[in-house]
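Close look at the chain arrangement
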Amino acid sequence: MLKMIKGNSLLLGVIIFSSINSFCFAQVVAPNGMVVSSNAVASKVGVDILKKGGNAIDAAVATAFALAVTHPTAGNIGGGGFLVFMPDSGEVTTIDFREKAPLAATPTMFLDDKGKLPKNNNHEGLKTVGVPGTVAGLYLAHQKYGKLNWADLVQPAVDLAKNGFIIPKGLFKEASKLLAAEDTNQFIQNYFKNSESKITPIGKIWKQAALAKTLEAIRDKGKDGFYKGEIAREIADFMQKNRGIITMKDLESYTAIERKPIKGKYKEFDIYSMPPPSSGGVALVEMMNMMELANLDSIPFNSAEYLHLLAEVMRRAYADRAEYLGDPDFNLEMPLDKLTSKEFAKMRFRNLNKNKASISDSSAFGHPYDGNNTTHFSVADKDGNAVSLTYTLEYAYGSRLGDEKLGFIFNNEMGDFNPVPGITNRKGQIGTSPNLIAPEKRMLSSMTPTIVSKNRKPYLIIGSPGGRTIINTVFQTVVNVLEYEMPIDKAIEAMKIHHQWLPDEIVFEKNLMSPKSRKDLEKMGHKTKAVNNLGSLMGITYDEKLKVFIGASDTSSPDGGAVGY
Ligand code: GLY
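Residues numbered from 1 in each chain as written. Predicted model: local features only at pLDDT ≥ 70, side-chain atom pairs only at ≥ 80, totals over all residues. Heavy atoms only, no water.

1. A word on the overall build of the protein chain
Counting its regular elements, the protein chain contains 18 helices and 22 strands. Relative to the 2.2 N^0.38 estimate, which gives 24 Å for 565 residues, the radius of gyration of the protein chain is 22 Å and therefore close to what a compact globule would have. In terms of principal-axis extent, the alpha carbons of the protein chain reach across some 60 × 60 × 45 Å. Within the protein chain, buried positions represent 64% of all 565 residues. Restricting the contact set of the protein chain to residue pairs at least 6 apart, pairs at least 24 apart contribute 72%. For the protein chain, the accessible surface area stands at approximately 21,600 Å², while carbon and sulfur atoms represent 52% of it. With 67 positive and 61 negative side-chain charges, the protein chain shows a separation of 3 Å between the mean positions of the two kinds. (Helix = DSSP H or I, 4+ residues; strand = E, 2+ residues; numbered from the N terminus. Rg over C-alpha atoms; globule rule 2.2 N^0.38 Å. Buried < 20%, exposed > 50% of the residue type's maximum accessible area, 1.4 Å probe, protein only. Contact = heavy atoms within 4.5 Å. Areas by Shrake-Rupley, 256 points an atom, 1.4 Å probe, with all protein chains shown as cover. Lys, Arg positive; Asp, Glu negative; His and termini not counted. Charge placed at Lys NZ, Arg CZ, Asp CG, Glu CD.)

Take a look at the structure:
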């Protein structure tokens, strides 16, 4: 309901309840274009760009910079991410702007003298900062595919930082929690301050003068405004003074890379998603291929039998993720075609027992949970261009460290590398070689920005935050829309489960699984674990008959919003 009121004041388009399906989640419907992100103000920035004649790439660039101001938990210029672009004609493409390990990084840099990993050592402190990629990625996307002037796309973010914006409920709650934590550092304490109080109160204007200045340099000088000159010098000096390892040379040599997407097919739909260094696209397509082999007509949706099937499909894809995937520039032999082929899915599906859990062999591979804070947004324009973009600082507020003169937060993405070479265990630590640390290497990601097309037109644009759970929440939402023809809001809100091979357990959203299903799953041999929430999906579908975009933001994202026109 909140979102409907919010949408109503922002939209020219029609807003409807999805009451036809007896659900009270809100959909936003608009004929000309749409942006769905985890902050409604940033979504509106993107739609304003579309209204000015910008295309989906222009809107994505403006939305990403706006989120760096209004959604600092994950919106960023100090992190990295991935963008999938479907142009109205021509090939689908992707931009990889994942962070890179600094030149001084080594495979054992987070271990102590005894070769052990001290708790959180790969997620705390400035050594955990990867060379940021966001500005380079947005710049490359704009240079190749944008229409409007770069400066006009950065300006709305400058305005939001300089003039401020009203602190929304979700951000206020997060900030309060962060400040209440015992180990809150000085940077974070000063970050949320305004002139009267240590945290800008809910409903009051929050200004970020230092960030505005950094954004002005990016506005005026493009990519070089960040990676060369004064800002780069300040970053390097700050790192050197505080035992970080990023240098001017690291910044100058950072490049975003355009890569061919991972492509899959499910029935009449084409699926495009992110290739390595994200594992998202490969695992998603592998799982969709296995789902096509299941006789879904005979399995009731969300029954224990169905959830068992999902978990077994997930287990297999995550095992392959662990064994094979890493930065493609360092792993030249990754069998991507094989992993995403229908034949391979048949082979993986063959030993799937309909009634009994398999066992994840911890003598081989495994994975810990990631930090669950990343952000995704989806964009569609009137000409049929679509963008699916997920970017991150790794943890919420990344390293929680930054330079007050620059006003932005550094990522702690180095924690996404396998930290202990050769050590893989049942708890989920993994030490396989494709994702060990090396200078200038990109850490393996789970981000899964995805576009599904039908008859070469965008049909579903989707993605989510959530660390290693991302692939599975996107997977289930894609299945919900393509297989069960659910409207986007219902597909997003439906219960999600997560299995990542190791630890060997089904994680599920509390209160959404019936006690009977849980018991039945346990009888089949699964361990189960309840969590509050999995993912925060931001999606757009296109209704061919009505010729409208329909968007929804996950209700777990309190400040999120779909905005269209
Ligand atoms: N930091 C989350 C991911 O890249 O998967």
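Moving on from the coordinates now.
2. Describing the confidence of the model for the protein chain
Chain-level statistics for the protein chain give a pLDDT mean of 92 and a share of 93% at 70 or above. Across residues 364-372, where pLDDT falls below 50, the model places 48 contacts with residues more than four positions away in sequence or in other chains. (pLDDT = per-residue confidence, 0-100.)

3. Some words on the pairing of strand 15 (residues 450-454)
Burial analysis of strand 15 places five of its five residues in the buried class, which makes it a mostly covered element. Residues T450, V452 and K454 line one face of strand 15 and the alternating positions I451 and S453 line the opposite face, and both faces are buried. Sheet topology places strand 10 (residues 269-273) next to strand 15; four bridges connect them, and they run antiparallel. Looking across to strand 15, one finds that S273 is bridged to T450. Two successive antiparallel strands, strand 15 and strand 16 (residues 457-462), enclose a turn made up of two residues, where N455 displays a positive phi of approximately 50°. (Pairing = 2+ DSSP bridges.)

4. A word on the site of the ligand
Lining the immediate surroundings of the ligand are 10 residues, of which E394, E413, D416, S445 and S446 lie closest. Here an oxygen atom of the ligand sits 2.9 Å away from a polar atom, N or O, in the side chain of R98. One of the side-chain nitrogen or oxygen atoms of E394 is found 2.5 Å away from a nitrogen atom of the ligand. Protein contacts shield 100% of the accessible area of the ligand, which totals 200 Å² for the unbound molecule. Taken together, the residues of the shell around the ligand break down into one nonpolar, four polar and five charged. (Near = heavy atom within 4 Å. Polar contact = N/O pair within 3.5 Å; in protein donor to acceptor, adjacent residues only side chain to side chain. Nonpolar A, V, L, I, M, F, W, Y, C, P; charged D, E, K, R; others polar.)

5. Examining the pairing of strand 11 (residues 374-380)
With seven of seven residues buried, strand 11 lies mostly within the body of the structure. Between strand 11 and strand 12 (residues 386-392), which pair antiparallel one after the other, the connecting turn spans five residues, and G384 there sits at a positive phi close to 95°.

6. So, the sheet that holds strand 17 (residues 497-498)
One open sheet holds the three strands; their spatial order is 17-18-19, and the pairing between them is mixed. Two strands in the sheet have a free side with no partner beyond their single neighbour: strand 17 and strand 19 (528-531). Bridge count for strand 18 (residues 506-509) against strand 19 is four bridges, and the pairing is parallel. Note that in strand 19 the partner of V507 across the bridge is K529.

7. Quick word on the sheet that holds strand 12
The antiparallel open sheet is built from seven strands, whose spatial order is 8-5-4-12-11-3-22. The two strands at the open ends of the sheet, each matched to only one other strand, are strand 8 (257-259) and strand 22 (561-564). Ignoring which end each strand starts from, the neighbouring axes of this sheet average 15° apart. With seven bridges connecting them, strand 4 (residues 80-86) and strand 12 associate as antiparallel partners. Within the sheet, the bridge partner assigned to M86 lies in strand 12 and is A386. Relative to the sheet, helix 4 (residues 134-145) contacts strand 4, strand 5 (93-97), strand 8 and strand 12, its axis offset from that of strand 5 by approximately 150°. (Axes fitted to C-alpha atoms, helices over the stretch in contact; angles between N-to-C directions.)

8. A few points about the side chain of T528
Summarising the element assignment, T528 is placed in strand 19. Polar side-chain contacts of T528 include one of 2.8 Å to the side chain of R518. Of the polar contacts made by the side chain of T528, one reaches the side chain of E522; its length is 2.5 Å. If we skip the residues at most four places from it in the chain, T528 touches I506, F508, R518, L521 and E522.

9. Observations concerning the packing of aromatic side chains
Inspection of the entire model under this criterion finds 20 aromatic pairs. Between Y191 and W206, the ring centres sit 5.5 Å apart and the planes meet at 75°, which makes this aromatic pair edge-to-face. Taken together, the residues Y191 in helix 7 (residues 186-191) and W206 in strand 7 (residues 205-206) connect sequence positions 15 residues apart. Through a chain of ring-to-ring contacts, the aromatic side chains of F165, F187, Y191, F192, W206 and Y397 assemble into a single cluster. (Phe/Tyr/Trp six-rings, centres within 6.5 Å; stacked < 30°, edge-to-face > 60°.)

10. Let's talk about unusual backbone geometry
In this structure, P277 follows P276 across a cis peptide bond, with omega equal to 20°. Counting through the fold element by element, P277 comes out in the loop between strand 10 and helix 12 (280-293). Each neighbour pair has its own omega, and for L502 with P503 the value is 0°, a cis peptide bond. Within the secondary structure, P503 is located in the loop between strand 17 and strand 18. One non-glycine residue, E394, lies in positive phi territory at about 75°. In this fold, E394 is placed in the loop between strand 12 and strand 13 (401-402). The phi angle at K547 is positive, at roughly 55°, despite the residue not being glycine.

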